[in-house]
Amino acid sequence: MKVFLVLWVTPIVLLGSWYGLSYYDMNFGWRILSRDLHDLVFLIYGDLLGMRPEAIPPLVLKAIILDTFLVLGLIMLKRRRKQIWAALKRWAGRGDQAERGADPAESVDVAEYPRAS
């Protein structure tokens with residue numbers, strides 16, 4: 001799970017830091033962090049997608065938020081899988097009878113039925 005989280009958060013951190021630094025033109029002498037390259041990248045993406053370059057960053061932010069909720073949901077499912085499964089069984093009407101065996105009050109006594117021989 002830790003590897004999954006690292007592989008999920010690393011691109012988000014890299015994209016967010018690149019976007020923030022290049023948006024405010026804090027390039028530290030690196031061309032990749034310049035505002036000119038920032039504008040060029042979004043101009044190319046805008047042309048490829050057929051939309052204005054200014055409309056792309058909010059869409060990316062919405063996608064990151066959706067992915068965050070999906071990842072948090074997967075983590076919740078993993079941590080509470082047994083509780084969720086038990087609740088679904090109860091909801092479906094199976095109850096806990098399979099887990100704890102048959103109820104002695106409901107079990108049939110074999111001595112009540114005559115033996116057919």
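Scoring rules and cut-offs
Residues numbered from 1 in each chain as written. Predicted model: local features only at pLDDT ≥ 70, side-chain atom pairs only at ≥ 80, totals over all residues. Heavy atoms only, no water. Helix = DSSP H or I, 4+ residues; strand = E, 2+ residues; numbered from the N terminus. Expected span 1.5 Å × (residues − 1). Buried < 20%, exposed > 50% of the residue type's maximum accessible area, 1.4 Å probe, protein only. Arc of directions from axis to C-beta. Contact = heavy atoms within 4.5 Å. Polar contact = N/O pair within 3.5 Å; in protein donor to acceptor, adjacent residues only side chain to side chain.

Chemist: Let's hear about helix α2 (residues 35–49): which residues, and what values?
Modeler: Taking 1.5 Å per residue, 15 residues should reach 21 Å; α2 reaches 21 Å between its end C-alpha atoms and fits that length. For α2, the full list of buried residues reads His 38, Phe 42 and Gly 46. End-on, the buried residues of α2 take up no more than an arc of 65 degrees, which puts them together on one face. Facing away from the buried side of α2 by more than 90 degrees, the exposed set consists of Asp 36, Asp 47 and Leu 48. Buried residues along α2 sit against α1 (2–23) and α3 (56–79). Where α2 terminates, the next one or two residues include Gly 50, which has phi positive at roughly 75 degrees.

Chemist: A description of the side chain of Ser 22 should follow, citing residues and the corresponding values.
Modeler: As for its placement among the helices and strands, Ser 22 is situated in helix α1. Among the polar contacts listed, one links the side chain of Ser 22 to the backbone oxygen of Tyr 19, at a separation of 3.4 Å. A distance of 2.8 Å separates a polar atom in the side chain of Ser 22 from a polar atom in the side chain of His 38. Apart from residues no more than four positions distant in its own chain, Ser 22 is found in contact with Leu 33, Ser 34, Arg 35 and His 38.

Chemist: Can you tell me about unusual backbone geometry, naming the residues and giving the values?
Modeler: Even without a glycine there, the phi angle at Asp 25 is positive, about 55 degrees. Structurally, Asp 25 can be placed in the loop between α1 and α2.

The analysis is restricted to geometry; functional conclusions fall outside its scope.
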